[in-house]
Amino acid sequence: MGEEANCDAVMEAGNGNGKAKENGHAVAAMPDVKADDAVVALADPRLQGISDAIRVVPHFPKPGIMFNDITTLLLRPGVFKDAVDMFVERYRGTGIAAVAGIEARGFIFGPAIALAVGAKFIPLRKPKKLPGEVISETYVLEYGTDCLEMHVGAIPRERVLIVDDLVATGGTLCAAINLLGTYRIPFKYSRNFHLLRSSLY
Ligand SMILES: O=P(O)(O)OC[C@H]1O[C@H](OP(=O)(O)OP(=O)(O)O)[C@H](O)[C@@H]1O
Ligand SMILES: Nc1ncnc2[nH]cnc12
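Thresholds applied
- Residue numbers restart at each chain and count upward from 1, following the sequence in its written direction.
- Each chain takes a letter, starting from A, and each ligand takes a number, starting from 1, following the order in which they are written.
- It should be noted that, the model being predicted, local features are given only for residues of pLDDT at least 70 and side-chain atom pairs only at 80 or more, the latter also being counted only at that level, while totals for whole chains, interfaces and linings use all residues.
- As a rule here, side-chain values cover all heavy atoms of the structure and leave hydrogens and water aside.
- What makes a nonpolar core is a set of buried Ala, Val, Leu, Ile, Met, Phe, Trp, Tyr and Cys residues whose side-chain atoms join them at distances within 4.5 Å.
- Burial status follows relative accessibility: with a 1.4 Å probe on protein chains alone, a residue under 20% of its type maximum counts as buried, one over 50% as exposed, and anything between as partly exposed.
- Labels follow the DSSP assignment, with helices taken as runs of H or I lasting at least four residues and strands as runs of E lasting at least two, numbered in each case from the N terminus.
- A pair of strands is treated as paired once DSSP finds two or more bridges between them.
- The definition of a right-handed crossover adopted here requires that, viewed with the strands pointing away, the path from the first strand over the helix to the second runs clockwise.
- On a range of 0 to 100, pLDDT expresses the predictor's confidence in each residue.
- Two residues qualify as a contact provided that any one of their heavy atoms is within 4.5 Å of a heavy atom in the partner residue.
- Here the expected length of a helix is defined as 1.5 Å per residue gap, with one fewer gap than residues.
- Centres within 6.5 Å are what make two rings of Phe, Tyr or Trp a pair, Trp counting through its six-membered ring; a difference in plane orientation under 30 degrees is then read as stacked, over 60 as edge-to-face, and the rest as tilted.
- Any residue with a heavy atom lying within 4 Å of a molecule or strand is counted as near it.
- Each polar contact in these results corresponds to two N or O atoms within 3.5 Å; when the atoms are within protein, one needs to be able to donate a hydrogen and the other to accept it, and residues that are neighboring in sequence are counted only if both atoms are side-chain atoms.
- Here, Shrake-Rupley sampling with a 1.4 Å probe gives the accessible areas, and only protein chains in the shown set may cover a residue.
- Amino acids are sorted into nonpolar (Ala, Val, Leu, Ile, Met, Phe, Trp, Tyr, Cys and Pro), charged (Asp, Glu, Lys and Arg) and polar (every other residue, Gly among them).
- A fitted line through C-alpha atoms represents every axis, and for helices the fit uses only the stretch in contact; the resulting angles, taken between N-to-C directions, go from 0 to 180 degrees.
- Geometric relationships in this document are graded by angle, where less than 35 degrees denotes roughly parallel, more than 145 denotes roughly antiparallel, 65 to 115 denotes roughly perpendicular, and other angles denote oblique.
- Crossing chirality is assigned from the near helix's rotation relative to the far helix, an anticlockwise turn below a right angle marking it left-handed and a clockwise turn marking it right-handed.

Moving on, we come to the nonpolar core. Counting 22 residues, the largest nonpolar core has Ile-50, Leu-73, Val-99, Phe-109, Ile-113 and Leu-161 as its most contacted members. Those elements that place two or more of their residues in this core are helix H3 (46-53), helix H5 (77-91), helix H6 (106-117) and strand E8 (160-163). When residues in this core are grouped by element, the largest group, 7 residues, is from H5. Core analysis: the next-biggest nonpolar cluster, separate from the first, contains 19 residues, Ile-122, Ile-135, Val-160 and Ile-162 among them.

Turning our attention to helix H7 (residues 171-181). Most of H7 is tucked away, with 10 of its 11 residues classed as buried. For H7, the complete set of buried residues consists of Gly-171, Thr-172, Leu-173, Cys-174, Ala-175, Ala-176, Ile-177, Leu-179, Leu-180 and Gly-181.

Moving on, we come to unusual backbone geometry. Of the consecutive residues Phe-60 and Pro-61, the connecting peptide bond is found in the cis state with omega at 0°. Structurally, the position occupied by Pro-61 is in the loop between strand E2 (55-58) and strand E3 (66-69). Between Glu-103 and Ala-104 the backbone carries a cis peptide bond, its omega angle lying at -5°. Phi is positive for Lys-128, close to 65°, though the residue is something other than glycine. Within the fold, Lys-128 resides in the loop between strand E5 (120-124) and strand E6 (134-141).

Moving on: the pairing of strand E4 (residues 98-102). Among the 5 residues that make up E4, 5 are buried, leaving the element largely enclosed by the rest of the structure. On E4, burial covers both faces: Ala-98, Ala-100 and Ile-102 on one face and Val-99 and Gly-101 on the other are all buried. Both E4 and E5 contribute to a ladder of 5 bridges, which runs parallel. When the sheet's bridge partners are listed, Val-99 is paired in E5 with Phe-121. For the handedness criterion, the β-α-β arrangement of E4, H6 and E5 is classed as right-handed.

A separate point is the confidence of the model for the protein chain. When pLDDT is averaged along the protein chain, the result is 76; 68% of the residues meet or exceed 70. Counting interchain partners and residues more than four positions distant, the pLDDT-below-50 stretch residues 185-201 has 28 contacts. In the model output, the complex is listed with pTM 0.78 alongside ipTM 0.98.

Residues separated by three or four positions in an α-helix point in the same direction, a consequence of the helix having 3.6 residues per turn. Over its 15 residues, H5 extends 21 Å from the first C-alpha to the last, a length consistent with the 21 Å expected when each residue adds 1.5 Å. For H5, the set of buried residues is Val-79, Ala-83, Val-84, Met-86, Phe-87, Val-88 and Tyr-91. One or two positions beyond H5, positive phi appears at Gly-93, with a value near 80°.

Let us now look at the packing of aromatic side chains. Counted according to the given criterion, the structure contains 3 aromatic pairs. On the numbers, 6.0 Å between centres and 80° between planes, the contact of Phe-107 with Phe-121 is edge-to-face. With a gap of 14 residues between them, Phe-107 in helix H6 and Phe-121 in strand E5 connect regions that are remote in the sequence. Since its relative accessible area comes to 26%, Phe-107 is described here as partly exposed.

In the vicinity of ligand 1, 15 residues are found, and the nearest of them are Asp-164, Asp-165, Ala-168, Thr-169 and Thr-172. At 3.0 Å from an oxygen atom of ligand 1 is found a main-chain nitrogen or oxygen belonging to Ala-104. Contact between ligand 1 and Thr-172: an oxygen atom at 2.5 Å from a side-chain N or O atom of the residue. Calculation on ligand 1 without its partners gives an accessible area of 500 Å², and the protein chains cover 86% of this total. Partitioned by chemical class, the residues of the shell around ligand 1 number 6 nonpolar, 4 polar and 5 charged.

This brings us to the packing of H5 against H6. Between H5 and H6, the least distance of the axes is 9 Å, while the angle of their chain directions is 45°. As judged from the angle between their axes, H5 and H6 are oblique. Classified by chirality, the crossing of H6 by H5 is right-handed. Facing Phe-80, Ala-83, Val-84, Phe-87, Val-88 and Tyr-91 of H5, the residues of H6 in contact are Ile-108, Phe-109, Ala-112, Ile-113, Ala-116 and Val-117. Residues belonging to the contact of H5 with H6 are distributed by class as follows: 12 nonpolar, no polar and no charged.

Put into structure tokens, the structure is as follows:
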């Protein structure tokens, strides 16, 4: 331990309360992004198309939830490609050795990004899906609790990009960070996690 932080937490294509759709921009949870990068990202014309392609379904799966449905984006190959490309362009050549995708929607975007940046893919799965020895992290969602698991043999010692479709409460992303950090995140970085957690909840 004592090494520099080497796990980037990324991604969303809308947020859970529909505000990302209101301002017309996808919101990215990128704790390592500098202000200048954020301005460039918001100015990217592809973001409007991505935002427009995501259907917002009110009161699904229960009253009060504004559900950001990415299946409508997947029906438009050009926009789907834009979403993948934006992450590939940001992370290609940055030393990402592994992409960790969160089940299930992180499995839609993660492998494409992994292949394009030349990284391996690590599935972070829901409980009782992985056959080998696992480590687990339970977390709270907008509509219940859940758990993520990762094969012990997949624990990366390298720079990892976490990919999912959306951040709502941030509980899933924090669980993924905790899971990846179980054996390798130094104290210095844990403090950053705390800031990330605060900003997302
Ligand atoms: O920020 P949070 O409040 O944690 O919510 C975001 C998570 O919720 C959704 O997944 P969900 O658990 O619904 O599972 P699914 O991908 O299998 O539909 C979404 O794909 C994120 O993983
Ligand atoms: N508002 C939302 N839309 C889509 N998926 C979600 N997962 C958690 N909250 C969500």
